[in-house]
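Remarks on the overall topology
Okay, here's what each chain looks like letter by letter:
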Amino acid sequence: MHDKLAIHGGTQVRDALFPAHVTVADDEMAAVSKVIESGILSNYLGAYHENFMGGETVRECETRWAERFGAKHALAVNSNTSGLIAAMGAIGVQPGDEVIVTAYSMSASAVAPLFYGATPIFADVEPDMFCLDPASIEAVITERTKAIIVVDLFGQPFNVKAIRALAQKHDLKIIEDAAQAPGIQIDGEYAGLLGDIGIFSLNYHKHIHSGEGGIILTNDDDLAQRLSLIRNHAEAVVEPMGVTDLTNMLGFNFRMTEIEAAIAIHQLEKLDGLLQERWDRVSYFEQKMAGFPGFSLPVVRENATHAYYQHACLWDVSSGIQRNAFVDAVKAELPVFELREKEGVKLGAGYVRPIYMLPTFQHRISIGGAHDPLKSSWQDYSKGLCPVVEDLHHNTLIAHEFIVPSMAESDIDDVVRAFEKVWDLRTQL
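This report concerns the structure included in the present document. (Residues numbered from 1 in each chain as written. Predicted model: local features only at pLDDT ≥ 70, side-chain atom pairs only at ≥ 80, totals over all residues. Heavy atoms only, no water.)

Our next topic: the overall build of the protein chain. On a plain count of helices and strands, the protein chain comes out with 13 helices and 13 strands. Relative to the compact-globule value of 22 Å for 429 residues, the protein chain shows a C-alpha radius of gyration of 22 Å, a close match. For the protein chain, the residues scored as buried account for 55% of the 429 residues in total. Charge centroids of the protein chain, computed over 34 positive and 58 negative side chains, lie 3 Å from each other. (Helix = DSSP H or I, 4+ residues; strand = E, 2+ residues; numbered from the N terminus. Rg over C-alpha atoms; globule rule 2.2 N^0.38 Å. Buried < 20%, exposed > 50% of the residue type's maximum accessible area, 1.4 Å probe, protein only. Lys, Arg positive; Asp, Glu negative; His and termini not counted. Charge placed at Lys NZ, Arg CZ, Asp CG, Glu CD.)

This is the structure we're talking about:
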């Protein structure tokens, strides 16, 4: 029987580190060795040549991803961020345009339009599923709106029917940031193909990864070509390729290496199994936490699956206990994960700060100068812009990663005991 919380000097529920979540193994090592032995670590050329589209392994990777999700085109890039920027260029975003974005995601989901001189316009999110709220989107559509960047936050698919209807009504493109949602479906359609362009992340802490990297999906031939040009020095090849619309045809180096592609091929083969392992752990955690006071478990959208990048729950502010104090006390009872020791206990009060509170938006400086797209924004970035996002962040959202495949049931039991201990001794908070 515990009589003192660890945050006040009591004994922790657990001090042994949680097991590392590692998905790379012998298959990936063998594939990487094969690439290294070939002597070709990257085979792109930034010129009109068959290798403009990358080397053999990159192309195989793209074929495998396209086949896995039933996409007409898959393009490998060096990050989801690069994919978002390329998507903005491919759909023709220009200075003066507006792109509707979420205020609650990794910052790249909102700043991508700025690279083409367009203005991000923030919309609020759903209070229980955390994706963009269609009503909030509709409220900020203007004659300058070009597109919507939706985010499948925490692995939950966005409200496809409602947002597609808005896009069709106002002739808008949908760019889907599916970084946290590989392999999920809604109404039988895969994330990554729910809009005009979808982008996955292969960053090291995603479901599957190649260290860094991203995969873009689209069923649109023209967009696929423009994405491939932006990825790799478009300006050098538009003439011999017969491209006449030169809008945004300045290229970057957004290219994936052969090593990353080799890893991504074998990681993709593991996706279904790793998703099932997350679902099993979510089921076990939710069974153990059913009925826990002041705590609501995640809601999954109708006719959809959920990837559970994080397990996002809601705290009842009427419980009488301040959420941050409760979370800090639970974290004090638990250890970090192996290989991620410097990241702290993987339990958070809130997720990221509302993006419009970052200095970029508060000072309205992105590219700088008199023509900075943020200077012409009609939005006020003060507190209150997105009330649901602010309430989630400051008061109600609790998100954790204790559902990754490396967690055994006994590990989850320790997490549950930590929650129970803090609740039982809540008068000490």
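That covers the picture; the talk isn't over yet.
It is worth spelling out the pairing of strand β3 (residues 119–123) at this point. Across the five residues of β3, five count as buried, placing the element largely inside the fold. Neither face of β3 is exposed, since Thr119, Ile121 and Ala123 on one face and Pro120 and Phe122 on the opposite face are all buried. Relative to β3, strand β2 (residues 98–102) is paired through five bridges, and the arrangement is parallel. Within the sheet, the bridge partner assigned to Ile100 lies in β3 and is Ile121. (Pairing = 2+ DSSP bridges.)

Now for the environment of Cys386. Within the secondary structure, Cys386 is located in the loop between α11 (359–362) and α12 (387–396). Take Cys386: its relative accessible area is 0%, and that puts it in the buried class. On a C-alpha basis, the gap between Cys386 and Ala103 in space is 7.4 Å, while along the polypeptide they are 283 residues apart. The contact partners of Cys386, leaving out residues within four places of it in the chain, are Ala103, Phe122, Ala123, Asp124 and Tyr356. (Contact = heavy atoms within 4.5 Å.)

Below, the discussion takes up helix α13 (residues 409–424). The first and last C-alpha atoms of α13 sit 22 Å apart over 16 residues, in line with the 22 Å expected at 1.5 Å per residue. Among all positions in α13, only Asp411, Ile412, Asp413, Asp414, Val415, Val416, Ala418, Phe419, Lys421, Val422 and Trp423 are buried. Summarising the contacts, the buried residues of α13 are in contact with α9 (258–289), β10 (295–296), β11 (311–315), α10 (323–332) and β12 (347–349). (Expected span 1.5 Å × (residues − 1).)

Before going further, it helps to spend a moment on the packing of helix α1 (residues 26–38) against α9. Two elements in contact, α1 and α9, have axes separated by 9 Å at closest approach and are oriented at 155 degrees. In this view, α1 runs roughly antiparallel relative to α9, as classed from their interaxial angle. For the pair α1 and α9, the sense of crossing is right-handed. Contacts between α1 and α9 pair Asp27, Glu28, Ala31, Val32, Val35 and Ile36 from the former with Glu258, Ile259, Ala262, Ile263, His266, Gln267 and Lys270 from the latter. Broken down by class, the residue content of the contact of α1 with α9 amounts to seven nonpolar, two polar and four charged. (Axes fitted to C-alpha atoms, helices over the stretch in contact; angles between N-to-C directions. Parallel < 35°, antiparallel > 145°, perpendicular 65-115°, else oblique. Left-handed = near helix turned anticlockwise from the far one by under 90°. Nonpolar A, V, L, I, M, F, W, Y, C, P; charged D, E, K, R; others polar.)

Before going further, it helps to spend a moment on the sheet that holds β12. In spatial order, the strands read β10-β11-β13-β12; together these four strands make up an open sheet with antiparallel pairing. The strands lining the two open edges of the sheet, one partner per strand, are β10 and β12. Summarising the sheet, β10 and β11 pair through two bridges and their orientation is antiparallel. Bridged to Ser296 within β11 is Leu314. Strand contacts of α12: β11, β12 and β13 (397–400), with the helix running at about 80 degrees to β11, the strand carrying the most contacts.

Taken as a whole and assessed by the stated rule, the structure comprises 24 aromatic pairs. Centre to centre, the rings of Trp315 and Trp423 are 6.4 Å apart; their planes meet at 70 degrees, and the pair counts as edge-to-face. Here Trp315, found in strand β11, pairs with Trp423, found in helix α13; they are 108 residues apart in sequence, far enough to count as distant. The same class applies to Trp315 as to Trp423, namely buried. (Phe/Tyr/Trp six-rings, centres within 6.5 Å; stacked < 30°, edge-to-face > 60°.)

The next thing to look at is unusual backbone geometry. Non-glycine residue His233 carries a positive phi angle of around 55 degrees. Owing to a relative accessible area of 26%, His233 belongs among the partly exposed residues under this scheme. Unlike most non-glycine residues, Asn303 shows phi in positive territory, near 60 degrees. Here Asn303 shows up in the loop between β10 and β11.

A word on the pattern of salt bridges. Proximity of charged atoms lets side chains of opposite charge pair with each other. The final tally for this structure, using the stated rule, is 20 salt bridges. The shortest N-O distance in the salt bridge between Glu343 and Lys346 comes to 3.0 Å. On the basis of relative accessibility, which here comes to 32%, the residue Glu343 falls in the partly exposed class. When salt bridges that share partners are traced, they join Arg14, Asp411, Asp414 and Arg417 into one network. (Salt bridge = Lys/Arg side-chain N within 4 Å of Asp/Glu carboxyl O.)

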